[in-house]
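# What the coordinates show
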Amino acid sequence: MEAGFSEMRNELQSRDALWRRIQLECQQLHTELLKIGEYKDMQEIQIKHQSSCVQLTEQLENKNTELLLLAQSQEHQREELNKIRNHLYREEQSHRSEQERMKTEISDLTEELHQKEITIATIMEKASLLERQLKMELEIKDKLLAKQQLLDFRYRVIKSENTHLKEMV
């Protein structure tokens, strides 16, 4: 019976250690989610900066229009305007490719976040299931222990009666 208790205690300790590992993993996943949230905040700031870049681009286009009007009279001004247009085109291309890269990265991070949320939900579900199983097993073991104690008591009573009857005979 002592071995049974020891075995139950070992199993409970083992399950408790498992539960603690699951909780630690949940905490680590939560920390990763917070980091992803911070990264998203940084991306939103970058998107705001891109908006100001668009405004600056629009302002630059307005200046280009003014230069076109002035360039009609001077060849040198036309050459400068062409240089500015080329630069603007390269900047727009660079900006577009950067936007596409950021969209892809945001999409990847969103997918990663979704996968981590699924992982957390799965872990929590498994932890809940393990907790229910552990409670059920504890109830069963408590019932078995009570039955064992009752049987031990009956055994001692019968043994005592047998001893008493043997002494009488």
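Parameters and conventions
- Residues numbered from 1 in each chain as written.
- Predicted model: local features only at pLDDT ≥ 70, side-chain atom pairs only at ≥ 80, totals over all residues.
- Heavy atoms only, no water.
- Patch = residues over 30% accessible without salt bridge, like charges linked within 9 Å, V, L, I, M, F, W, Y side chains within 5 Å.
- Areas by Shrake-Rupley, 256 points an atom, 1.4 Å probe, with all protein chains shown as cover.
- Salt bridge = Lys/Arg side-chain N within 4 Å of Asp/Glu carboxyl O.
- Helix = DSSP H or I, 4+ residues; strand = E, 2+ residues; numbered from the N terminus.
- Contact = heavy atoms within 4.5 Å.
- Buried < 20%, exposed > 50% of the residue type's maximum accessible area, 1.4 Å probe, protein only.

The next thing to look at is a nonpolar patch on the surface. There is a patch of nonpolar side chains on the surface, built from Leu150, Phe153 and Val157 and spanning about 260 Å² of accessible area. By the secondary structure assignment, Val157 is in helix α2 (residues 75–168).

So, about the side chain of Asn64. Along the chain, Asn64 falls in helix α1 (residues 2–71). In this view, Asn64 contacts Leu81, Ile84 and Leu88; residues no more than four positions away in its chain are not counted.

Attention now goes to the environment of Ile47. Relative to the helices and strands, Ile47 is located in helix α1. Ile47 gets classed as partly exposed once you look at its relative accessible area, which sits at 41%. Residues Ile47 and Met102, spaced 55 residues apart in sequence, show a C-alpha to C-alpha distance of 9.3 Å. Those residues in contact with Ile47, other than ones at most four positions away along the chain, are Met102 and Ile106.

Below, the discussion takes up the environment of Glu7. In this fold, Glu7 is placed in helix α1. Using a relative accessible area of 56% as the deciding quantity, one classes Glu7 as exposed. C-alpha separation for the pair Glu7 and Ile47, spaced 40 residues apart in sequence, amounts to 60 Å.

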